[in-house]
Amino acid sequence: NDSAPSRQKKAKGRFVLPKFSVILPVKNDNRYLPKALDALIHQTDENFEVVIVDGGSTDGSLDTAAVACEKYVGFYFIKGNFETPFEAMNRGLKSAEGDYVLFLSAKDFITDETIEKLCETIDASEKKPDVVVFRNYLFGEGMLPHFDEYEDKLAPLPEAPANKYFFPIWNA
């Protein structure tokens, strides 16, 4: 379904837009997708939406995404046949309604407090930042087999070990 309904949430009789749009392009990522979705489902801050963009999966990723979207408010998916992750990301951007955009892949790991900490950091800034950068972890083969042992903290940018990289958030 390429047309996305409005994701505005009603709060005290008025519509509000999410602060973050998490865009999650997937293509045959069902091995990792449940863990990525679980991390998003358990966020301590609810001021975000998740736009899952399926690029023509044949491994059950679309079914996994559809179940999450039916079950959780603010989770939406777009089905397509995108040749590259960048096409899927651009399609997700067209549907994003948040002030900030966070791109995640199915192999990315964020802790339950990531959105909350990002909101706190942005809200504490004197000026509305255009970009926020934070540490992110990857899981999967050769990455973090026990990813629950790691913490995600907003901190000055140290040198990144091989199993970590830095993730920017853009002001949409």
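Residues numbered from 1 in each chain as written. Predicted model: local features only at pLDDT ≥ 70, side-chain atom pairs only at ≥ 80, totals over all residues. Heavy atoms only, no water.

Peer 1: Explain the side chain of D29 here, please?
Peer 2: Residue placement: D29 occurs in the loop between β3 (20-26) and α1 (33-41). Engagement of the side chain of D29 in a polar contact is seen with the backbone nitrogen of K27, the distance being 3.2 Å. Beyond its immediate sequence surroundings of up to four residues, D29 is in contact with D59, S61 and A106. (Helix = DSSP H or I, 4+ residues; strand = E, 2+ residues; numbered from the N terminus. Polar contact = N/O pair within 3.5 Å; in protein donor to acceptor, adjacent residues only side chain to side chain. Contact = heavy atoms within 4.5 Å.)

Peer 1: Which parts of the structure should I look at to understand unusual backbone geometry?
Peer 2: Residues apart from glycine generally show negative phi values, whereas peptide bonds are mostly found in trans. You will see that N28, though not glycine, has its phi angle at about 55°, which is positive. Position of N28 among the secondary structure elements: in the loop between β3 and α1.

Peer 1: So what exactly am I meant to see when it comes to the pattern of salt bridges here?
Peer 2: A side chain of one charge can pair with a side chain of the opposite charge if their charged atoms are brought near each other. What the rule picks out here adds up to 1 salt bridge. The residue D123 makes a salt bridge to K19 at a minimum N-O spacing of 2.5 Å. Residue D123 is located in helix α4 (residues 114-124), and its partner K19 is located in the loop between β2 (14-16) and β3; the two are separated by 104 residues in the primary sequence. Look at D123 and you get exposed, because its relative accessible area is 55%. (Salt bridge = Lys/Arg side-chain N within 4 Å of Asp/Glu carboxyl O. Buried < 20%, exposed > 50% of the residue type's maximum accessible area, 1.4 Å probe, protein only.)

Peer 1: Sorry if this is basic, but what is going on with helix α2 (residues 61-71) here?
Peer 2: For an α-helix, 3.6 residues make a turn, and residues three or four places apart therefore share a direction. Those residues of α2 that sit buried are S61, L62, A65, A66, A68 and C69. An end-on view of α2 places all buried positions within 165° of arc, on one side of the element. Away from the buried face of α2 by more than 90 degrees, exposed residues D63, V67, E70 and K71 are located. In this structure, the buried side of α2 is in contact with β3, α1, β4 (48-54) and β5 (75-79). (Arc of directions from axis to C-beta.)

Peer 1: Whenever I open this one, the packing of aromatic side chains confuses me. Can you help?
Peer 2: Within a pair of aromatic rings, the relevant descriptors are the distance that separates the centres and the angle that separates the planes. This structure, assessed with the given rule, holds 2 aromatic pairs. Aromatic pair F20 and Y100: ring centres 5.8 Å apart, planes at 35°, arrangement tilted. On the criterion of sequence distance, the pair formed by F20 in strand β3 and Y100 in strand β6 (residues 100-103) is long-range, its members being 80 residues apart. With respect to burial, F20 and Y100 carry one shared label: buried. Between Y72 and F75, the ring centres sit 5.7 Å apart and the planes meet at 50°, which makes this aromatic pair tilted. Overall, Y72 belongs to the partly exposed group, its relative accessible area being 28%. (Phe/Tyr/Trp six-rings, centres within 6.5 Å; stacked < 30°, edge-to-face > 60°.)

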